[in-house]
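What follows is each chain in one-letter form.
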Amino acid sequence: MHPVILNLTDISYGYPGGPSVLDHLNFQLHIGDRIGLVAPNGSGKTTLFHIIMGLLKPMSGTVEVFGTARKTEADFVDVRRRIGLLFQDADDQLFSPTVLEDVAFGPLNLGKTREEAVEVAKRTLDFLGLAGFEERITYKLSGGEKRLVSLATVLAMEPEVLLLDEPSTGLDNGTKDALIHVLNSLELTFVLISHEFGFLSQTARHIYTMKSGRIRFDQELPIHTHKHAHLMGRQPHRHV
Ligand SMILES: Nc1ncnc2c1ncn2[C@@H]1O[C@H](COP(=O)(O)OP(=O)(O)OP(=O)(O)O)[C@@H](O)[C@H]1O
Ligand SMILES: [Mg+2]
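The structure reproduced in this document is the subject of the present report. Predicted, not measured: the structure shown is a model, and the values here were computed from it. (Residues numbered from 1 in each chain as written. Chains lettered and ligands numbered in written order. Predicted model: local features only at pLDDT ≥ 70, side-chain atom pairs only at ≥ 80, totals over all residues. Heavy atoms only, no water.)

Remarks on the overall build of the protein chain
Then, number 1: Helices and strands together make up the secondary structure of the protein chain, namely 7 helices and 10 strands.
Then, number 2: Evaluated residue by residue, the protein chain yields a buried proportion of 48% over its 240 residues.
Then, number 3: With 24 positive and 29 negative side-chain charges, the protein chain shows a spacing of 4 Å between the two charge centroids. (Helix = DSSP H or I, 4+ residues; strand = E, 2+ residues; numbered from the N terminus. Buried < 20%, exposed > 50% of the residue type's maximum accessible area, 1.4 Å probe, protein only. Lys, Arg positive; Asp, Glu negative; His and termini not counted. Charge placed at Lys NZ, Arg CZ, Asp CG, Glu CD.)

Structural data, given as structure tokens:
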């Protein structure tokens, strides 16, 4: 078994005035894990990611990351350097006027010089097929473009672990394939939330689900094939 990166023990959380969302949840992530998380809307997936990043504080339980218990805001500075979170909503991720500034922001914040940060930002944009987007106005990008630029801001920080909250949402099939290729070419540990079985089956090695505020490890993802008919049936096509 590879070393443990993340160890969540007995985590409970509910939003103020609301019901319990996470209920004595336990979860371990090891180096090299590639985990897909699929569970119904409102089951607490995003909440779980926010607990891991220290954006929400659990009501009980312990969050241990890279071998250290994390409680205070200061404890999570190191976590946020080494774990990259792709927010479910790109508007939570992007805040600079231009794409280049947004992607260079993280590396700058990590202490790189302006030149180095711009270099990493450009390299990352290239890697994601976004060369030429540098001076585009972030808030005017399309939904799919924002998704990819968000991913660029995360990758530019060269994290050891990725937490991806529905990365394929809003992407066309070609872009989704490119994202699958990117994820499979990175030597990274990740947890990926998605409702798309096709995407999950091509990226994740294990698929977990959530129920009643806990992670269920034991369920097999029911991937199946079926016969079907539709207008494009004779053309090569893909179902996701
Ligand atoms: N800021 C908030 N304030 C109050 N309740 C919230 C807040 N954010 C989420 N919730 C509630 O907590 C529960 C879990 O939400 P969460 O966003 O973690 O679910 P999810 O599994 O990510 O769902 P989805 O698949 O729709 O993204 C939901 O019932 C949601 O309404
Ligand atoms: Mg969510």
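Concerning the nonpolar core
Then, number 1: By size, the foremost hydrophobic cluster in this structure holds 39 residues, and its most contacted members are Val103, Leu155, Leu162 and Leu183.
Then, number 2: For this core, the secondary-structure elements that each account for two or more residues are helix H3 (99-109), helix H4 (114-127), helix H5 (143-155), strand S7 (161-165), helix H6 (173-185), strand S8 (189-193) and helix H7 (197-203).
Then, number 3: In terms of residue count, H5 provides more of this core than any other element does, 6 residues in total.
Then, number 4: Apart from the residues within four sequence positions on either side, Leu183 is in contact with Arg34, Leu162, Leu164, Phe190, Leu192, Phe199 and Thr203.
Then, number 5: Leu6, Val21, Leu22 and Ile193 belong to the second largest nonpolar core, which has 34 residues in total. (Core = buried A, V, L, I, M, F, W, Y, C linked by side-chain atoms within 4.5 Å. Contact = heavy atoms within 4.5 Å.)

Digging into the coordination of the magnesium ion (ligand 2)
Then, number 1: Within the protein, the magnesium ion (ligand 2) binds to Thr46 (OG1) and Gln88 (OE1); these donor distances fall in the range 2.0 to 2.2 Å. Within this pair, whereas Thr46 is found in helix H1 (residues 45-52), its partner Gln88 is found in the loop between strand S6 (83-86) and H3, the two being separated by 42 residues in sequence.
Then, number 2: Given the relative accessible area of 22%, Thr46 is considered partly exposed.
Then, number 3: In this structure Gln88 comes out as partly exposed when scored by relative accessible area, which is 40%. (Donors = N, O, S within 2.8 Å, 3.2 Å for Na, K, Ca; no water.)

What to know about the pattern of salt bridges
Then, number 1: Applying the stated criterion across every chain, the model contains 9 salt bridges.
Then, number 2: Residue Glu73 is joined to Lys57 by a salt bridge in which the shortest nitrogen-to-oxygen separation is 3.5 Å. A residue pair is termed long-range when its members are at least 10 positions apart, and Glu73 in helix H2 (residues 73-82) and Lys57 in the loop between H1 and strand S4 (60-65) qualify at 16 residues.
Then, number 3: We note a salt bridge from Glu196 to Lys176, for which the minimum N-O separation is 2.8 Å. (Salt bridge = Lys/Arg side-chain N within 4 Å of Asp/Glu carboxyl O.)

Quick look at the packing of aromatic side chains
Then, number 1: For the structure on display, the rule yields 4 aromatic pairs.
Then, number 2: When the ring of Tyr13 is compared with that of Tyr15, the centres are 5.0 Å apart and the planes differ by 90 degrees; the resulting orientation is edge-to-face.
Then, number 3: For the pair Tyr208 and Phe217, a centre-to-centre distance of 4.8 Å together with 85 degrees between the ring planes defines the contact as edge-to-face.
Then, number 4: Residue class for Tyr208 comes out buried when judged on its relative accessible area of 15%.
Then, number 5: An aromatic cluster of three or more residues is present, and its members are Phe27, Tyr208 and Phe217. (Phe/Tyr/Trp six-rings, centres within 6.5 Å; stacked < 30°, edge-to-face > 60°.)

Side note on H3
One turn of an α-helix holds 3.6 residues; hence residues three or four places apart share an orientation.
Then, number 1: Considered for burial, the residues of H3 that qualify are Val99, Leu100, Asp102, Val103, Ala104, Gly106 and Pro107.
Then, number 2: Among the structural elements, H4 and H5 are those in contact with the buried residues of H3.
Then, number 3: Looking one or two residues beyond H3, the residue adopting positive phi is Gly111, at roughly 105 degrees.

Focus on unusual backbone geometry
Then, number 1: Of note, His24 is a non-glycine position whose phi angle comes to about 55 degrees, a positive value.
Then, number 2: Along the polypeptide, His24 turns up in strand S2 (residues 20-30).
Then, number 3: The backbone of Ser212 shows a phi angle near 50 degrees, a positive value even though the residue is not glycine.
Then, number 4: Position of Ser212 relative to the elements: it lies in the loop between strand S9 (206-211) and strand S10 (214-216).
Then, number 5: For Ser212, a relative accessible area of 57% gives the class exposed.

Brief notes about the site of ligand 1
Then, number 1: Near ligand 1 you find 13 residues, and of these Gly42, Lys45, Thr46, Thr47 and Gln88 are the closest.
Then, number 2: The contact in question runs from an oxygen atom of ligand 1 to an N or O atom on the side chain of Lys45, over 2.7 Å.
Then, number 3: The side chain of Thr46 places a nitrogen or oxygen atom 2.8 Å from an oxygen atom of ligand 1.
Then, number 4: Compared with its free state, where it exposes 640 Å², ligand 1 has 58% of that area covered by protein.
Then, number 5: With 3 residues, the top contributor of residues to the shell around ligand 1 is H1.
Then, number 6: By residue class, the composition of the shell around ligand 1 is 3 nonpolar, 8 polar and 2 charged. (Near = heavy atom within 4 Å. Polar contact = N/O pair within 3.5 Å; in protein donor to acceptor, adjacent residues only side chain to side chain. Areas by Shrake-Rupley, 256 points an atom, 1.4 Å probe, with all protein chains shown as cover. Nonpolar A, V, L, I, M, F, W, Y, C, P; charged D, E, K, R; others polar.)

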